[in-house]
Amino acid sequence: MYLRHVVLAPLTAAALALPCLVAPAEELGAQAVDPGLFQALQYRSVGPSRGGRSTAVTGYRTRPHTFLMGTVGGGVWRTEDAGQTWTNISDGFLNVGPVGALAVAPSDNDIVYAGTGSGGVRGNISVGDGVYRTIDDGASWEWIGLPESRHINRIWVHPTDPDHVYVAALGSVFGPSQDRGVYRTRDGGASWDRVLYVNQGTGAIDLMMSPDDPATLYAAMWTAERKPWTMRSGSVHGGVFKTTDGGDTWMKLGGGLPEMIGR
């Protein structure tokens, strides 16, 4: 059972007395901030108290106090008051607990993609069953494929097309997997193409889209296998790969990077 709603203690009087540090989006820009404003600030937990560690956090461009968090055991959580309260918005829809990646469509904030499976592979591992999508701002979710991706650590949505999505899939960490790599959909998950594959031992652990050109992406490929007695990590097959045509072709980058690359 997951904790559905968490209410946290209000801010301290000292914190409330501080000048507001958040400006409307249209007013943000290159501004000088007095470092003394931060001297009284202290870190505090904003919850939730259940769900395990989080490797997935994202926000909304048009809602500065709204954030989403994916946990390794508790699904997707949302705050609309900058972390003072959190609500689970995925219970009853996801078939698994771990969420390793979240992405809000920049052109339609009602559309959010969630990649399942714990992204940070370590001693204890929670396995996912693919990608889920909401088109109504989290009121409901639907499963849209990639059941054998197992561990999704990053999702990128095209800035102008909410149905054009890239997914970094690590695949099974317990043995060889043909489902590793970078996947692309242009129809909102109705169909998927694997656009980058190295080998059955090397999967995609991270992905970045250029803010200036959505056809340019960088993928981090990682050779990883979890055994009962050890963790195999890194090989000459992994590394950083780049595409400039939206994923149709990729090249491995060098120019000073080490030959053996892990995570």
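For the structure itself, consult the block above.
Calculation notes
- Residues numbered from 1 in each chain as written.
- Predicted model: local features only at pLDDT ≥ 70, side-chain atom pairs only at ≥ 80, totals over all residues.
- Heavy atoms only, no water.
- Core = buried A, V, L, I, M, F, W, Y, C linked by side-chain atoms within 4.5 Å.
- Buried < 20%, exposed > 50% of the residue type's maximum accessible area, 1.4 Å probe, protein only.
- Helix = DSSP H or I, 4+ residues; strand = E, 2+ residues; numbered from the N terminus.
- Contact = heavy atoms within 4.5 Å.
- Pairing = 2+ DSSP bridges.
- Axes fitted to C-alpha atoms, helices over the stretch in contact; angles between N-to-C directions.

## As for the nonpolar core
No. 1: Counting 16 residues, the largest nonpolar core has Tyr113, Val131, Ile155, Val167 and Trp192 as its most contacted members.
No. 2: Of all the secondary structure elements, the ones that give two or more residues to this core are strand 6 (99-104), strand 10 (152-157) and strand 11 (165-169).
No. 3: When neighbours within four sequence positions are excluded, Val167 is seen to be in contact with Val131, Leu146, Ile152, Arg154, Ile155, Gly181, Val182, Tyr183, Trp192 and Leu207.

## Side note on the sheet that holds strand 8 (residues 131-134)
No. 1: Taking strand neighbours across the sheet as the criterion, the 4 strands line up as 6-7-8-9 in an open arrangement whose pairing is antiparallel. Each edge of the sheet is formed by a strand with only one pairing partner; in this case those strands are strand 6 and strand 9 (142-145). With strand direction ignored, the average angle separating the axes of adjacent strands in the sheet is 25°.

## Concerning the sheet that holds strand 12 (residues 181-185)
No. 1: The sheet built from 4 strands is open, its strands ordered 10-11-12-13 with antiparallel pairing. A strand with exactly one partner marks an edge of an open sheet, and here the two such strands are strand 10 and strand 13 (193-196). Neighbour to neighbour, the strand axes of the sheet diverge by 25° on average, direction disregarded.
No. 2: The sheet contact formed by strand 10 and strand 11 spans 5 bridges and is antiparallel.

## Overview of unusual backbone geometry
No. 1: In the Ramachandran plot, Ala82 falls in the positive-phi region, its phi being about 60° despite a non-glycine side chain.
No. 2: Inspection of the secondary structure puts Ala82 in the loop between strand 4 (75-79) and strand 5 (85-88).
No. 3: In this structure, Arg150 takes a positive phi of about 65° despite not being glycine.
No. 4: Along the chain, Arg150 falls in the loop between strand 9 and strand 10.
No. 5: Here Arg150 falls in the partly exposed class, since its relative accessible area comes to 26%.

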